[in-house]
Amino acid sequence: MTEELIHRPGLKNVVAADSAICFIDGEQGVLRYRGYDIQELAEHSTFEETAYLLHYGELPAREELERFSDELRTQRALPEGALAVLRELPPESPPMDVLRTVTSVLAHFDPEAPDDSEEANRRKSARLIARFPTILAAFHRLREGRDPLPPKEDLSHAANFLYMLSGDPPDELSARVFDVCLVLHADHGFNASTFSARVTASTLSDIYSAITSAVGTLKGPLHGGANIRVLEMLQEIGSVERVREHVEGMIARKERIWGLGHRVYKTKDPRAFALEKLIVELARVRGESPLYRIAREVEKVGTELLGGKGIYPNVDFYSAVVYDMLGIPHDLFTPIFAVSRVAGWTAHVVEQYRANVLMRPRAQYTGPDRREYVPLEQR
Ligand code: COA
């Protein structure tokens, strides 16, 4: 029996599996993790609590949160073998490549790597979540010719990352703003990197392989790599006065305005509103960011010219400005996305294993019809 083939380039609007983790309404601009609105989580939750919620489906009771936070806290340090690999990598390596490589390396130093039970996968998830910040901070310090700092167990996940990067414990506002950024980026349904993790998991390959696939997928500028492009674009525009001419020029040349447009949202991304609030809070203490003024003008002109096509700011548009205001090195913007999203990726991988179906679409063949083989001497 021949089954009917459905041709949807880019799998647009194709539902590939059930998932109880994340709800998105792209028309109304709604995003919920496990039923909780993202705006409420941004206001009241922490990254640790959100990661627990994504994994276990419920907000933790105090003791559950303490146990989970302790698990993360105590797993932050990298195995010596992973540190040795970090020391060998060329200092000019793109940090996303470093993260991809070291994610894979971690499997070699995890005695539980071959254990595919759900309990072991939860523990491996916690280790991955705990260690992503350590990998990046260690690489950043090594490339600056400094020794990596051991993680501080008395700091939150967000604060410890900022500490390990700079060497100074962050002020309260920076730690909280960064924590909210981690909450906002922690999951987003079947985005390309999560899907890629689930495709790998669907072959019953291991969780380290799945997360390595995800990091590689997030790197691309149409996905997580957009935030650094946004920053470069805003810097290139340079002033509010130049925005219209620049944006019109990009559209005329059929270029993408970085940070605008989304496969699912046809309105402004709800996370962009939350990020703007953070920018305003930071500006109250540190003064306004000139990049924010340019970004707002890009949003205004972009909406005027592209809003008819449902193109509005996505999460990467304002996250670039927030990270810049926090003084984070620019080439760490995309890896920071991974520091947060690894919570969602791992939750999705565990969910995939629970009700696994091999992910394997078909291609529309567009090559030549059958032809006779021509021996080498006759070609
Ligand atoms: N700037 C200018 N035009 C854009 C655009 C952007 N950022 N995003 C989409 N478009 C246009 C396309 O040119 C296309 O126009 P056309 O129909 O006249 O050919 C139309 O909108 C649909 O775009 P398409 O690429 O088919 O939609 P998609 O669902 O595949 O794209 C993105 C989604 C995210 C890949 C796309 O919006 C994009 O490239 N954005 C910039 C990169 C970015 O910020 N990525 C981060 C996403 S969170």
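Everything numeric here is computed off the predicted structure, so don't read it as measured data. (Residues numbered from 1 in each chain as written. Predicted model: local features only at pLDDT ≥ 70, side-chain atom pairs only at ≥ 80, totals over all residues. Heavy atoms only, no water.)

1. Focus: the overall build of the chain
Note the following rule: Helix and strand definitions here come from DSSP, where helices need a minimum of 4 consecutive H or I residues and strands a minimum of 2 consecutive E residues; each element is numbered from the N-terminal end. Residue burial is assigned from relative accessible area. The probe radius is 1.4 Å, only protein chains are included, and a residue is buried under 20% of its type maximum, exposed over 50%, and partly exposed in between. When checking whether two residues touch, look at their non-hydrogen atoms; a contact exists if any pair is within 4.5 Å. Every accessible area reported is derived by Shrake-Rupley at a probe size of 1.4 Å, with residue values counting cover from the shown protein chains alone. Charge counting follows a simple rule: Lys and Arg are positive, Asp and Glu are negative, and His as well as the terminal groups are ignored. Every charge is mapped onto a representative atom, which is NZ of Lys, CZ of Arg, CG of Asp or CD of Glu.
Along the backbone of the chain there are 16 helices and 3 strands. Projected onto its principal axes, the C-alpha positions of the chain cover 70 × 55 × 50 Å. Taking all 379 residues of the chain together, 51% fall into the buried category. Put simply, of all contacts in the chain between residues at least 6 apart along the chain, 76% involve residues at least 24 apart. Looking at the chain as shown, the accessible area adds up to about 18,800 Å², and 50% of this sits on carbon and sulfur atoms. Averaging the locations of the 46 positively and 56 negatively charged side chains of the chain gives two centres separated by 4 Å.

2. Quick notes on the nonpolar core
We apply this condition: Nonpolar core, defined: a set of buried Ala, Val, Leu, Ile, Met, Phe, Trp, Tyr and Cys residues in which side-chain atoms within 4.5 Å join the residues together. What fixes the domain bounds is an automatic or database domain assignment.
Ranked by size, the top nonpolar core spans 111 residues in total, and within it Phe 132, Phe 178 and Val 298 carry the most contacts. Residues from two domains meet in this core; each of domain 1 (22-222 + 331-354) and domain 2 (226-325) gives at least three.

3. Section: the site of the ligand
What counts here: For this description, a residue counts as near a given molecule or strand if any of its non-hydrogen atoms is within 4 Å of it. Think of a polar contact as two N or O atoms within 3.5 Å of one another; within protein, one of them needs to be a possible hydrogen donor and the other a possible acceptor, and neighboring residues in sequence only count if both atoms come from side chains.
In the region of the ligand, 19 residues are neighbours, and Arg 256, Ile 257, Leu 260, Arg 263 and Lys 309 sit closest. At a separation of 3.1 Å, a nitrogen atom of the ligand approaches a polar backbone atom of Leu 222. Ile 257 has a polar backbone atom sitting 2.8 Å from a nitrogen atom of the ligand. Contact with the protein chains covers 70% of the free accessible surface of the ligand, which is 860 Å².

4. Brief notes about the pairing of strand E1 (residues 22-25)
As a reminder of what qualifies: Two strands are said to pair when DSSP picks up at least two bridges between them.
Bridge count between E1 and strand E2 (residues 30-33): 4 bridges; the pairing is antiparallel. Bridging across to E2, Ile 24 finds its partner in Leu 31. Linkage of E1 to E2, two consecutive antiparallel strands, is achieved through a turn of 4 residues, within which Gly 29 is found at a positive phi near 70°.

5. Topic: the pattern of salt bridges
What counts, and what does not: A carboxyl oxygen of Asp or Glu within 4 Å of a side-chain nitrogen of Lys or Arg is what we treat as a salt bridge.
Applying the stated rule across the entire model yields 23 salt bridges. One salt bridge in this structure joins Glu 281 and Arg 176, with 2.2 Å as the shortest N-O distance. In this pair, Glu 281 is assigned in helix H13 (residues 270-286) and Arg 176 in helix H8 (residues 172-185), connecting sequence segments 105 residues apart. For Glu 281, a relative accessible area of 23% puts it in the partly exposed group. Under the relative-accessibility criterion, Arg 176 is labelled partly exposed at 39%. By sharing partners, the salt bridges in this structure join Asp 110, Glu 112, Arg 123 and Arg 127 into a single network.

6. Details of the packing of helix H5 (residues 95-108) against helix H16 (residues 333-354)
Convention followed: Angles shown run from 0 to 180 degrees and are taken between the N-to-C directions of axes, each axis being a line fitted to C-alpha atoms and, for helices, limited to the stretch in contact. Three classes are used, and their members are as follows: Ala, Val, Leu, Ile, Met, Phe, Trp, Tyr, Cys and Pro are nonpolar, Asp, Glu, Lys and Arg are charged, and the others, Gly among them, are polar.
Two elements in contact, H5 and H16, have axes whose closest approach is 8 Å; the angle formed by their N-to-C orientations is 35°. Contact residues: Pro 95, Met 96 and Leu 99 in H5; Thr 334, Pro 335 and Ala 338 in H16. In the contact of H5 with H16, the residues fall into 5 nonpolar, 1 polar and no charged.

7. Thoughts on H5
The condition that has to hold: By this rule the span expected of a helix is its residue count minus one, scaled by 1.5 Å.
Compared with the 20 Å implied by 1.5 Å per residue over 14 residues, the 20 Å span of H5 between its first and last C-alpha is a close match. Across the 14 residues that make up H5, a large majority, 10, are buried. Those residues of H5 not exposed but buried are Pro 95, Met 96, Asp 97, Val 98, Leu 99, Val 102, Thr 103, Val 105, Leu 106 and Ala 107. Buried residues belonging to H5 abut helix H4 (80-88), helix H6 (118-143), helix H10 (207-218) and H16.

8. Describing the packing of aromatic side chains
Rule in force here: Think of it this way: a Phe, Tyr or Trp ring, Trp meaning its six-membered ring, pairs with another when their centres are within 6.5 Å, and the plane angle makes it stacked under 30 degrees, edge-to-face over 60, tilted otherwise. Should the NZ of a Lys or the CZ of an Arg lie within 6 Å of a ring centre and within 35 degrees of the ring normal, that charge is described as sitting over the ring.
Per the counting criterion, the structure on display carries 9 aromatic pairs. Look at Tyr 56 and Phe 68: their rings are 6.3 Å apart centre to centre, the planes differ by 85°, and that puts the pair in the edge-to-face class. Remark: Phe 68 occurs in helix H3 (residues 62-74) and Tyr 56 occurs in helix H2 (residues 47-56); sequence separation between them is 12 residues. A relative accessible area of 37% means that Tyr 56 is categorised as partly exposed. Classification of Phe 68 as buried rests on a relative accessible area of 5%. Taken together, the aromatic side chains of Phe 161, Phe 178, Tyr 323 and Phe 333 make up a single cluster linked through ring pairs. Directly above the aromatic system of Phe 273 lies the positively charged group of Lys 268, at a separation of 4.6 Å from the ring centroid.

Structural measurements only, silent on function.
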